[in-house]
Amino acid sequence: MKLRAKPLSRRATLQCMLGLTSIGMTAAPLLAGLSQAQAQTQDSPALRQIDMTAQRFKFTPEEIPLKAGERVVLAIKSLDFIHGMHIPDLGVRVDLLPGQITRIEIQPQHSGIIDFLCDNFCGGGHEDMHGRFIVSA
Amino acid sequence: MQRRDFLTLSALGGGAVFLSGLAGCAHGSGYASEGSFYFVQLSDTHWGYKGPANPDAGVTLRKAVAAVNALPEQPDFIFFTGDLTHTTDDPDERRRRLTEFKSIIGDLKVRNIRLIPGEHDASLDRGTAYKEFFGDTYYTFDHKGIHFIALDNVSDPGGLVDEEQLAWLKADLAKLDKQAPIVVLTHRPLFDLVPKWDWATRNGADVMAALMPYQNVTVFYGHIHQEHHHMTAHIPHHSAKSLIFPLPAPGSQDKRTPLPWDAAHPYQGLGFREVDAEAASHTFKATEFPVVASS
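Not measured: the values here are computed from a predicted model.

Cut-offs and rules
- Residues numbered from 1 in each chain as written.
- Chains lettered and ligands numbered in written order.
- Predicted model: local features only at pLDDT ≥ 70, side-chain atom pairs only at ≥ 80, totals over all residues.
- Helix = DSSP H or I, 4+ residues; strand = E, 2+ residues; numbered from the N terminus.
- Buried ≥ 20, exposed ≤ 12 C-beta atoms within 10 Å, placed from the backbone.
- Contact = placed C-beta atoms within 7 Å.
- Pairing = 2+ DSSP bridges.
- Right-handed = clockwise from strand over helix to strand, strands pointing away.
- Core = buried A, V, L, I, M, F, W, Y, C linked by C-beta atoms within 7 Å.
- Axes fitted to C-alpha atoms, helices over the stretch in contact; angles between N-to-C directions.
- Parallel < 35°, antiparallel > 145°, perpendicular 65-115°, else oblique.
- Nonpolar A, V, L, I, M, F, W, Y, C, P; charged D, E, K, R; others polar.
- Expected span 1.5 Å × (residues − 1).
- Arc of directions from axis to C-beta.

Enquirer: Looking at this structure, how should I read the overall build of chain B?
Expert: Looking only at helices and strands, chain B features eight helices and twelve strands. Looking at chain B residue by residue over its 295 residues, the buried ones come to 48%. In chain B, the proportion of contacts linking residues at least 24 apart, taken out of those at least 6 apart, comes to 73%.

Structural data, given as structure tokens:
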């Protein structure tokens, strides 16, 4: 299975810490508090946003259907802890700071199951905090 | 009967296995010979756990202590590779569990006991309570020609070796000969065993890169609640069974849920490990033992 995503860099993590989008931003708009990429995201009718929450010890939704080749933005809000969002098959991971929305763009190329999990130990149910994308052709 | 013969006969949990080095070198070398010794690895005791995966959780650790004490020759030291206690949000309860754990292992005959935390012990308070009871979360010691490095890849809730510790590790390694026999003890695997189950260390590749120039390194770890063996180039990694409940084989199912308790075979899949060590040949031989002491 060949998958593609935009992995998050240290810069992206910083963006998340500042409560801004993690999609393709540059330093200049970040400092200005205005994201060109964010505007592009909003203008693009093809880019679907999927709202998610992370709360001990559950992602909501846990199962997310996607179409192969579809670009989507995950907009994840942590409600109680610095959870992690790790999608090993896509090489994506980021911290989810409480009270902020972290955006991650992914684009699975082929059908199949892609697992995601919280990878910041968050307590007694941490091992149960995971989910999956169900990618159809 | 020599000790090694006894081990072969009594290891009901799976027998003796050479883990690294030149296996033939260890045969015929008596236990009492210079540079030869053995230690015991215990892991993932999860004291305080209550759940269906082990309805006997309140006595399992004590049975393990009794099993170790029943060994005909006592090890030079005992090493606990983390998750001593089951996690809790309550700091007072965490300390109560650590107090009880420390009291129970106080019944071990061997007084040379060394430990590292697991994420259940240390991740929620970055090791604060653990340090109150057991001191540093990472350290080194030398024993009969082998350099032991205990690493902490759990006090950061992200499951990594932080930059300060990584610098400390590199400084320690820099003092060693590239042929020096080195044993690394850690809780989480230092390689990507099953990332979707969080069976990895986030920056394990950095740790392995630091270790890679050294030709005689062996890693022992816990976390995955089962025996497992893996090679990263010339460096072997060996995980230990737990003392609370077994977990499924790596990646064998969607979820890393504990294997169900089998009332007909209580303690199945649990156990501890002896490691025979020969510094001169850098040979390690593991013998797996069940929880219940053999008669």
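Back to the text.
Enquirer: Honestly, the pairing of strand E3 (residues 77-81) of chain B in this entry has me stumped. Any pointers?
Expert: The side chains of a regular strand alternate, first on one face of the sheet and then on the other. All names here are of chain B. With respect to burial, E3 is a largely interior element, four of its five residues being buried. For strand E2 (residues 36-42) and E3, the ladder comprises four bridges, and the chain directions are parallel. Bridging from a neighbouring strand, Leu42 pairs with Phe80 of E3. Considered for its hand, the β-α-β crossover made up of E2, helix H3 (residues 57-69) and E3 is right-handed. Bridge count between E3 and strand E4 (residues 113-116): four bridges; the pairing is parallel. Bridge pairing links Phe80 to Leu115 in E4. As for the winding sense of the linkage, the β-α-β connection from E3 through helix H4 (residues 91-105) to E4 is right-handed.

Enquirer: Would you mind going over the nonpolar core with me for this structure?
Expert: One recurring pattern in soluble globular proteins: nonpolar side chains tend to sit buried together. Ranked by size, the top nonpolar core spans 62 residues in total, and within it B:Ala64, B:Val68, B:Val184, B:Leu185, B:Leu243 and B:Ala277 carry the most contacts. Element by element, the count of residues in this core is highest for H3(B), at six residues.

Enquirer: Help me understand the packing of helix H7 (residues 163-174) of chain B against helix H8 (residues 204-211) of chain B in this model?
Expert: What describes two packed helices is the angle between their axes and the distance between those same axes. Residues and elements named next belong to chain B. The interhelical angle for the contact between H7 and H8, taken along N-to-C directions, is 10°, at an axis separation of 10 Å. Between H7 and H8, the angle is such that the two are roughly parallel. Contact residues: H7 offers Leu166, Leu169, Lys170 and Leu173, while H8 offers Asp206, Val207 and Ala210. Classifying every residue of the contact of H7 with H8 by side-chain character gives five nonpolar, no polar and two charged.

Enquirer: So what exactly am I meant to see when it comes to the interface of chain B and chain A here?
Expert: For an interface, size is often stated in terms of accessible area lost upon the parts coming together. Listed by partner, the interface residues are twelve residues for chain B and ten residues for chain A. A per-class count over the side of chain B that touches chain A returns three nonpolar, four polar and five charged.

Enquirer: When you look at the pairing of strand E8 (residues 101-108) of chain A in this model, what are you seeing that I'm missing?
Expert: Residue and element names in this part refer to chain A. Burial analysis of E8 places six of its eight residues in the buried class, the great majority of the element. In the sheet, strand E5 (residues 72-78) pairs with E8 via six bridges, with the strands oriented antiparallel. Directly across from Lys77, in E8, lies its bridge partner Ile101.

Enquirer: In this structure, what is going on with unusual backbone geometry? I would like to understand it.
Expert: Among all residues except glycine, the phi angle is most often negative; among peptide bonds, the trans geometry is most common. The step from A:Arg56 to A:Phe57 runs through a cis peptide bond, and the omega angle for that step is 5°. The residue A:Phe57 is located in the loop between strand E2 (48-55) and strand E3 (58-60) in this model. The phi dihedral of B:His223 falls on the positive side, at around 75°, and the residue is not glycine. Mapped onto the fold, B:His223 is located in the loop between strand E8 (216-221) and strand E9 (228-232). Its identity as a non-glycine residue notwithstanding, B:Tyr267 has a phi of 70°, on the positive side. Counting through the fold element by element, B:Tyr267 comes out in the loop between strand E10 (235-239) and strand E11 (272-278).

Enquirer: Sorry, what's going on with the environment of A:Ala54 here?
Expert: Residues and elements named next belong to chain A. Looking at where Ala54 falls in the secondary structure, it is placed in strand E2. A sequence separation of 26 residues divides Ala54 from Asp80, and the C-alpha atoms of the two residues are 7.9 Å apart. Not counting residues up to four positions away in its chain, the partners in contact with Ala54 are Phe59, Ile76, Ser78, Leu79, His83, Leu96 and Cys118.

Enquirer: For this particular structure, what's the right way to read H4(B)?
Expert: Given 3.6 residues per turn, any residue in an α-helix points the same way as the ones three and four places further on. Residue and element names in this part refer to chain B. Here H4 contains 15 residues, and its C-alpha end-to-end distance of 21 Å stays within 8% of the 21 Å for a straight helix at 1.5 Å per residue. If you check which residues of H4 are buried, you get Arg94, Arg97, Leu98, Phe101 and Ile105. For H4, the buried positions fall inside an angular range of 100° around the axis, keeping them on one side. Along H4, the residues that are exposed and aim more than 90 degrees away from the buried face are Asp92 and Ser103.

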